[in-house]
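# Architecture at a glance
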Amino acid sequence: MAGGKEIRTKIKSVKNTQKITRAMEMVATSKMRRAQERMRGARPYGEKIRKVTAHLSAALVDYAHPFLQKRDTVKRVGFIVVTSDKGLCGGLNTNALRLTLNAMKELHQSGVEIAVTAIGNKGFGFMNRNGAKVISHVVGLGDTPHVEQLIGPIKVMVDAYVAGEVDEVRLVYTKFVNTMRQEPTVEQLLPLAGEAIGQPDHGYNWEYLYEPDAKTVIDDLMIRYLEALVYQAVAENMASENAARMVAMKAATDNADKVIGNLQLLYNKTRQAAITKELSEICAGAAAV
Amino acid sequence: MAMTMHVDVVSAEELIYSGTAEFISAPADKGEIGILPRHAPLLTRVRPGALRIKPANSNDPDVILYVSGGLLEVQPHVVTVLADTAIRGADIDEAKALDAKRRAEEALKGKTGAVDFAMAQAELLEAVAKLAVLEKLKKRGH
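Throughout, a residue's number is its position along its own chain's written sequence, starting from 1. Here chains are named by letter from A upward and ligands by number from 1 upward, in the order in which they appear as written. In view of the model being predicted, local features appear only for residues whose pLDDT reaches at least 70, and side-chain atom pairs are presented and counted only at 80 or more, with totals across whole chains, interfaces and linings using the full set of residues. Side-chain measures were taken over the full set of non-hydrogen atoms in the model, leaving aside hydrogen atoms and water.

The name an unreviewed UniProt entry gives chain B is ATP synthase epsilon chain, with Jeongeupia chitinilytica as the organism. UniProt positions are given in the numbering used here, feature names are shortened, and annotations may be inferred rather than shown by experiment. Recorded in UniProt for chain B, the comment headed Sequence similarities (unreviewed entry) runs: "Belongs to the ATPase epsilon chain family." Quoted verbatim from the Subunit (unreviewed entry) field of UniProt, the annotation for chain B is "F-type ATPases have 2 components, CF(1) - the catalytic core - and CF(0) - the membrane proton channel. CF(1) has five subunits: alpha(3), beta(3), gamma(1), delta(1), epsilon(1). CF(0) has three main subunits: a, b and c."

By the naming in an unreviewed UniProt entry, chain A goes by ATP synthase gamma chain and is assigned to Jeongeupia chitinilytica. Turning to chain A, the UniProt record has this under Subunit (unreviewed entry): "F-type ATPases have 2 components, CF(1) - the catalytic core - and CF(0) - the membrane proton channel. CF(1) has five subunits: alpha(3), beta(3), gamma(1), delta(1), epsilon(1). CF(0) has three main subunits: a, b and c." UniProt lists a comment for chain A under the heading Sequence similarities (unreviewed entry), and it reads "Belongs to the ATPase gamma chain family."

Our focus in this paragraph is the overall build of chain A. The helix count covers DSSP runs of H or I at least four residues long, the strand count covers runs of E at least two residues long, and both are numbered beginning at the N terminus. When its secondary structure is counted, chain A shows seven helices and six strands. Reading the secondary structure of chain A in the N-to-C direction produces α-α-β-α-β-α-β-α-β-β-α-β-α. A compact globule built from 289 residues would reach a C-alpha radius of gyration of about 19 Å, whereas chain A, at 28 Å, exceeds it by more than 25%. Expressed along its principal axes, the backbone C-alpha trace of chain A runs to roughly 115 × 40 × 30 Å. Buried residues in chain A amount to 50% of all 289 residues. With the model as given, the accessible surface of chain A reaches about 13,800 Å², and the carbon-plus-sulfur share is 55%. Counting rule applied: Lys, Arg positive; Asp, Glu negative; His and chain ends not counted. A single reference atom marks each charge: NZ on Lys, CZ on Arg, CG on Asp, CD on Glu. Within chain A, the 31 negative side-chain charges are centred at a point lying 13 Å from the centre of the 38 positive side-chain charges. We take the radius of gyration over the C-alpha atoms and set the globule estimate at 2.2 Å times the residue count to the 0.38 power. Relative accessibility decides the category of a residue: with a 1.4 Å probe and only protein chains considered, values under 20% of the type maximum give buried, values over 50% give exposed, and everything between is partly exposed. Only the protein chains shown count as cover for residues, and all accessible areas are computed by the Shrake-Rupley method using a 1.4 Å probe.

In the cavity and pocket records, a cavity denotes points on a 1 Å grid over the protein atoms alone where a 1.4 Å probe fits but cannot get out, a pocket denotes an open set with protein on both sides within 12 Å along at least 5 of 7 lines, and lining residues are residues with an atom within 4 Å of a point. Grid points are joined across faces, edges and corners, and a volume is the space filled by probe spheres set on the points. Counted by the stated rule, this structure contains two cavities of 30 Å³ or more. Forming the walls of the largest cavity are ten residues, and the residues nearest its centre are Tyr45(A), Val147(A), Glu227(A), Asp84(B) and Arg88(B). Under this grouping Gly is polar, as are all residues other than the nonpolar Ala, Val, Leu, Ile, Met, Phe, Trp, Tyr, Cys and Pro and the charged Asp, Glu, Lys and Arg. Of the residues belonging to the lining of the largest cavity, the class tally is five nonpolar, one polar and four charged. Mapped by element, the contributors of at least two residues to the lining of the second largest cavity are helix 1 (4-41) and helix 7 (214-288) of chain A. Top contributing element to the lining of the second largest cavity by residue count: helix 1 of chain A, with four residues.

This part is about the interface of chain B and chain A. In what follows, a contact means two residues having at least one pair of non-hydrogen atoms within 4.5 Å. Listed by partner, the interface residues are 61 residues for chain B and 60 residues for chain A. Two parts placed together each lose some accessible area; with a 1.4 Å probe, that loss summed over both constitutes the buried area. Between chain B and chain A lies a buried interface of about 5,300 Å² when both sides are counted; carbon and sulfur atoms form 64% of it. Among the residues of chain B in contact with chain A, Glu13(B), Leu43(B) and Phe117(B) are the three that bury the most area, contributing 13% of the side total. By definition, a salt bridge exists where a carboxyl oxygen of Asp or Glu is found within 4 Å of a side-chain nitrogen of Lys or Arg. At the junction of chain B and chain A, the tally comes to five salt bridges. One salt bridge connects Arg45(B) with Asp220(A), and the closest N-O pair in it is separated by 3.3 Å. Here a polar contact means two N or O atoms within 3.5 Å. Within protein one must be a hydrogen donor candidate and the other an acceptor candidate, and residues neighboring in sequence count only if both atoms are side-chain atoms. For the interface between chain B and chain A, the tally reads twelve residue pairs in polar contact (both at pLDDT 80 or more). At the level of elements, strand 1 (5-11), strand 2 (15-28), strand 4 (42-46), strand 7 (70-75), strand 8 (78-83), helix 1 (90-108) and helix 2 (117-139) of chain B are the ones that each hand at least two residues to the side of chain B that touches chain A.

Here you go:
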């Protein structure tokens, strides 16, 4: 049995760890609230842009944007993988990456190639280690992601799509269901599904005036729509990340409590055993005299 | 009753302004434009500049917002400004894309480009196993 001193040191170290996990839990809780607000804040833009796009596609039937056209043969699929930058958030990234890997494997078996845009350190590291073709990436988004940071990496993927190097683009991220539940999801980003844009909520159409011209405006609109979708995924992923971290750290704090309890018990037992032993030695000594 | 229209100014990150107005002036692609209710449907790019909104309640002061670009949609009674949070331009975006590409290529140096599924699977399995152990530890002692 370990000596009393060793156990005391061990208890102290577990207590210190517990302090850290507790602090991380509290930080994650407050960050989660902010991340949730950001997630909600991003929604109106997405809705508005969807409405405008719906009006537009109804008003302008003769111009088929490449983003809306489905391709007959799919030779390469692009994945935009959104993960967190930091670890210690339970199974969040593992689950999302496993989902991605399964989807990739399926494509691979049918001879489809893969290209990846990695958003977040964890996914980037994973894809790189395992030899995936990462065509663009962005890491270190911090606590407040900005659309500006995403423009470049997304454009690389979109350019590849427009150039025909990629025939489909999917978006992987972790959906925030509630504090206790986050679900990894794969969504098709390109070509944009008709239902994603939807129908205008009016029975009649307007002929728009365009400045400078219809094509430019639509192109601008489409790229912004895509960016808004990705940004929303990033914001949602961040809320999920902090929720997952909060839960994981809460579990860790509880575990530390249990470990401390067990160690304390062990310590008391050792102490008592030592006292008993000493007493019996004294008694034996006294009896021998 | 004076005619009014609904105005929404949104960026990808947040809702900036929402309310009713009787006049808006905006820096459109081909110059400053003024919009009154029942304007013809219009879609235009917005250049960086000031957006001035005259609220429906004439006692309220004008709202002046800075937009760094974006798109403006006008319908007879609804005006939507999709504002950019960043200064945009074809060449700026291009530069960003090139920069992202370059960084990716640097990171990719010496890589084959084919996913090693076995290795990836192993890595994930390890992570899952670790999580399972943690889960067990959590349950123990309950």
